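Secondary and tertiary structure notes
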Amino acid sequence: MLLQSPPMVATWERKPDEDPGAPYMRGLDRRMERLFVQDPSDPLAGTFIQTVMKFDSPTWAWLVFRDGSPDKRYARYGEVERIDGASAAGADEQRFFCAQFGGGECNLWYVWLRFGQYLIEVQVIGRMSAETASEMLKAAAANIGEAVHRI
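Residues numbered from 1 in each chain as written. Predicted model: local features only at pLDDT ≥ 70, side-chain atom pairs only at ≥ 80, totals over all residues. Heavy atoms only, no water.

Next up on the list: the environment of Phe65. Topologically, Phe65 is positioned in helix H1 (residues 58–67). Classification of Phe65 as buried rests on a relative accessible area of 0%. Placed 48 residues apart in sequence, Phe65 and Leu113 show a C-alpha to C-alpha distance of 8.0 Å. Discounting residues that sit within four places of it in the chain, Phe65 has contacts with Glu93, Gln94, Arg95, Trp112, Leu113, Arg114 and Leu119. (Helix = DSSP H or I, 4+ residues; strand = E, 2+ residues; numbered from the N terminus. Buried < 20%, exposed > 50% of the residue type's maximum accessible area, 1.4 Å probe, protein only. Contact = heavy atoms within 4.5 Å.)

Turning to the side chain of Glu93, a few remarks are in order. As for its position among the elements, Glu93 is in strand E5 (residues 93–100). On the basis of relative accessibility, which here comes to 14%, the residue Glu93 falls in the buried class. In this view, Glu93 contacts Trp62, Phe65, Arg66, Trp112, Leu113 and Arg114; residues no more than four positions away in its chain are not counted.

Right, let's talk about the pairing of strand E2 (residues 28–37) for a bit. Sheet topology note: the strand E1 (residues 13–14)/E2 ladder contains two bridges and is antiparallel. Within the sheet, the bridge partner assigned to Arg14 lies in E2 and is Phe36. As defined by bridge partners, E2 adjoins strand E3 (residues 47–55) across nine bridges and the pair is classed as antiparallel. Within E3, the position partnered with Arg30 by the bridge is Lys54. (Pairing = 2+ DSSP bridges.)

This brings us to the pattern of salt bridges. According to the stated counting rule, one finds nine salt bridges in the structure shown. Linking Asp29 and Lys54 is a salt bridge whose minimum nitrogen-to-oxygen distance equals 3.7 Å. In this pair, Asp29 sits in strand E2 while Lys54 sits in strand E3, placing the two residues 25 residues apart along the sequence. Here the salt bridges share partners, and the residues they tie into one network are Arg66, Asp92, Glu93 and Arg114. (Salt bridge = Lys/Arg side-chain N within 4 Å of Asp/Glu carboxyl O.)

What follows is the structure in structure tokens.
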């Protein structure tokens, strides 16, 4: 379910995959994260992060999808708004967001997807245009949906 590269024509450097420690989430079985940066010396130039969480059951994933949604987690740091997104084939649930930290335009875009007992969060961070970041997020969601469909 982890993408091999971000869906955007650019030079990306892939960092080693991580199994990061996570805040306690009931029912969480495993969490994997993949990170790509355009310029290691300037992470704000462009960063693409994909996190996949596997839960013991679809019920646990469903509960965390509601209670742990990124819009709830990031709202205390800035303005978060729901945006229109493309359909991720086979997703049970999906939400697209944009966050503004420090005022101004969005500087973090993300999608929150649920496929049965899996939750997938994709983040696009950077000084790219809103249109570029939004299209990148939609393409990532579509690519993940296609990958899950093939499983």
